[in-house]
Amino acid sequence: MSGTLYLVATPIGNLGDFSPRAVETLKSVDFIAAEDTRVTLKLLNHFGIKKPLISYFEHNRAQSGEKIIERLLSGESVALVSDAGMPAISDPGEDLVRLCARENVKVCAVPGPCAAVSALSVSGMSTQRFTFEGFLSTSNKSRAEHLESLREEMRTIIIYEAPHKLMTTLADLKEVFGGDRELSLCREITKIHEETIRTTIEGALELYSTIPPKGEYVLVIKGKEPGGKPETTFEQATERVEFYRADGKSLKQAAKLASEDTGYSKNELYNAILEKNHLNT
Ligand code: SAM
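Predicted model, so just to flag it, every value in this text is computed and none were measured.

About the criteria used
For every chain, the first residue of the written sequence is number 1, and numbering continues from 1 onward in sequence order. Residue-level local features of this predicted model are given only where pLDDT is at least 70; pairs of side-chain atoms are given and counted only at 80 or more, and the full residue set underlies all totals for whole chains, interfaces and linings. Based on all heavy atoms of the structure, the side-chain values leave hydrogens and waters out of the count. The secondary structure listing takes helices from DSSP runs of H or I that are at least 4 residues long and strands from runs of E that are at least 2 residues long, numbered from the N terminus. Relative accessible area decides the class of each residue, using a 1.4 Å probe on protein chains only: under 20% of the type maximum gives buried, over 50% gives exposed, and in between gives partly exposed. Contact between two residues is taken to exist if any of their heavy atoms lie within 4.5 Å; hydrogens are not considered. To measure how exposed things are, a 1.4 Å probe is used in the Shrake-Rupley method; for residues, cover is taken only from the protein chains shown. Positive charges come from Lys and Arg alone, negative charges from Asp and Glu alone, with His and the N- and C-terminal ends not counted. For this purpose, a charge sits on NZ of Lys, CZ of Arg, CG of Asp or CD of Glu. Each residue is tested against the molecule or strand, and it is near if at least one of its non-hydrogen atoms lies within 4 Å. Polar contacts here mean pairs of N or O atoms no more than 3.5 Å apart (in protein, one a potential hydrogen donor and the other a potential acceptor; neighbouring residues in sequence count only if both atoms are side-chain atoms). Domain limits in this description derive from either an automatic procedure or a database domain assignment. Here a strand pair is declared whenever DSSP counts at least two bridges between the two strands. Axis lines are fitted through C-alpha atoms, for helices just across the contact stretch, and the angle between N-to-C directions can take any value from 0 to 180 degrees. What we call a nonpolar core is a set of buried Ala, Val, Leu, Ile, Met, Phe, Trp, Tyr and Cys residues that are connected through their side-chain atoms within 4.5 Å. Any carboxyl oxygen of Asp or Glu within 4 Å of a side-chain nitrogen of Lys or Arg constitutes a salt bridge here. For a helix, the expected span equals 1.5 Å multiplied by the number of residues minus one. The arc in question is the one spanned by the directions pointing from the helix axis to the C-beta atoms.

Q: Outline the overall build of the chain, listing residues and values.
A: Along the chain, the regular secondary structure elements total 11 helices and 10 strands. Out of the 281 residues in the chain, the part that is buried amounts to 43%. When contacts within the chain are restricted to residue pairs at least 6 apart in sequence, those whose partners lie at least 24 apart make up 69%. Working note: accessible area of the chain is about 15,000 Å², and carbon and sulfur atoms make up 52% of it. Measuring between centres, the 34 positive side-chain charges of the chain sit 3 Å from its 40 negative side-chain charges.

Q: Break down the site of the ligand for me, with residues and values.
A: Around the ligand there are 19 residues in total, and I89, D91, A115, Y160 and Y217 lie nearest to it. At 2.8 Å from a nitrogen atom of the ligand is found a main-chain nitrogen or oxygen belonging to I89. The contact in question runs from an oxygen atom of the ligand to an N or O atom on the backbone of Y217, over 2.6 Å. With the chains in place, 91% of the 570 Å² that the ligand exposes on its own is no longer accessible. Within the residue set of the shell around the ligand, elements represented by two or more residues are β7 (156–161) and β10 (217–221). When residues of the shell around the ligand are sorted by domain, at least three fall in each of domain 1 (4–113) and domain 2 (116–221).

Q: Outline the sheet that holds strand β6 (residues 130–135), supporting the account with residue identities and numerical values.
A: Overall, mixed pairing links the five strands, which are arranged β6-β7-β10-β8-β9 in an open sheet. Single-partner strands in this sheet number two, and they are β6 and β9 (195–200). Pairs of neighbouring strands in the sheet enclose a mean axial angle of 20 degrees, with direction left out of account. Here strand β8 (residues 182–187) pairs with β10 via five bridges, running antiparallel.

Q: Describe the nonpolar core, naming the residues involved and giving the relevant values.
A: Soluble globular proteins tend to bury their nonpolar side chains together. In this structure, L5, I68, L72, L96 and V218 are the most contacted members of the largest nonpolar core, which totals 29 residues. Of all the elements, helix α5 (residues 115–123) adds the most residues to this core, at four residues. Sequence-distant contacts of V218, that is, excluding residues within four places in its chain, are made with A115, A116, A119, I158, I159, Y160, S184, L185, C186 and I189. In terms of nonpolar packing, the next biggest core, distinct from the first, is built from 20 residues, I157, L173, L205 and L219 among them.

Q: Which residues make up the pairing of strand β4 (residues 78–81), and what values do they have?
A: Burial of β4 is two-sided: the residues V78 and L80 facing one way and the residues A79 and V81 facing the other way are all buried. In the sheet, strand β2 (residues 31–34) pairs with β4 via four bridges, with the strands oriented parallel. Of the residues in β4, the one forming a bridge with A34 is V81.

Q: Can you lay out the pattern of salt bridges for me, pointing to particular residues and giving the numbers?
A: According to the stated counting rule, one finds 23 salt bridges in the structure shown. Residues E225 and K222 are paired through a salt bridge, measuring 3.0 Å at the closest nitrogen-oxygen approach. Under the relative-accessibility criterion, K222 is labelled partly exposed at 26%. Residues joined in a network through salt bridges with shared partners are E58, R61, E94, D95 and R98.

Q: Help me get a handle on helix α7 (residues 166–177), residues and values and all.
A: Look at α7: 16 Å from first C-alpha to last across 12 residues, which is about the 16 Å you get at 1.5 Å a residue. Buried residues of α7: L166, T169, L170, L173, V176 and F177, and no others. Burial along α7 is one-sided: seen end-on, the buried residues are contained in an arc of 125 degrees. Of the residues trailing α7, G178 is marked for its positive phi of about 85 degrees.

Q: So what about helix α4 (residues 94–102)? Which residues, and what values?
A: Among the residues of α4, L96, L99 and C100 are the ones counted as buried. Considered in projection along α4, the buried side chains sweep an arc of 100 degrees and stay on one side of the axis. In α4, those exposed residues whose orientation departs by more than 90 degrees from the buried face are A101 and R102. Summarising the contacts, the buried residues of α4 are in contact with β1 (4–8), α3 (61–73), β4 and β5 (106–110). Just past α4, the residue N104 takes up positive phi, approximately 60 degrees.

Q: Could you give an account of the pairing of β1, naming the residues involved and the relevant values?
A: Counted residue by residue, β1 has four buried out of five residues, so it is predominantly covered. The sheet contact formed by β1 and β5 spans five bridges and is parallel. Looking at β5, one finds that T4 is bridged to K106. Inspection of the sheet shows β1 paired to β4 by three bridges, in the parallel sense. Within β4, the position partnered with Y6 by the bridge is A79.

Remember, this is a structural readout, not a statement about activity or role.
Okay, structure coming up:
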């Protein structure tokens, strides 16, 4: 009989959020797999938990995952923890859970703090339907593609961001959603300097041009209003045609897709590109 993998949520700032069940689970398992054993050791010491620790993080997940599965299959139980929050949510764990599913190993959640859900709940945005996008890629191409895929998104959008990248991300968001789009910046959730700033993308850019961003951030962006005027300028819409052209689409297809994305007429876009190309030749 194989053991169980427990995904144990840890505090995202306030140790008071560590649940009694999380403590009991960590005490009961055979060993703990941690994203950073030093970070987890501090937590274990605080709660008086003594347990063997092994490392499971982004760059050893293949080898470490195989070892963990072997031990699970031999009947041991393991708790997986990340540095903060719910494992497997923009944190290591997803692969290990997939391996467990493949091997029919039981996986149990010991739920608790999650920055995305906490930020959404205090954002003031619609919580009826939302999309969690994690971190935007640091590669320019995949980042642009990711943001483009969100241009027409009507659900509330949740993004994780580090403070040193916040201004770049806000500038990129402005390109796609426009400066007037409502945004909640939720920072330092559950910590002393916890703050929710409800503003617009432009407002956030202005704010952080005067003070440096500090702490951990979750950005909660209002989804696109149904119908209404296109938020993009005509020039941006023609750039969109060129984006699809670069992706291998015919001009006709590209104009159609850009028209669907932006609300501008496909014929207008088609003619604008023809004219532009004609002027350039
Ligand atoms: N697994 C975690 C969870 O359940 O929230 C997320 C881990 S991810 C590597 C770290 C990101 O979560 C940070 O860059 C930040 O965007 C967000 N985050 C974590 N703790 C936060 C906090 N206390 N306040 C605001 N954002 C936080």
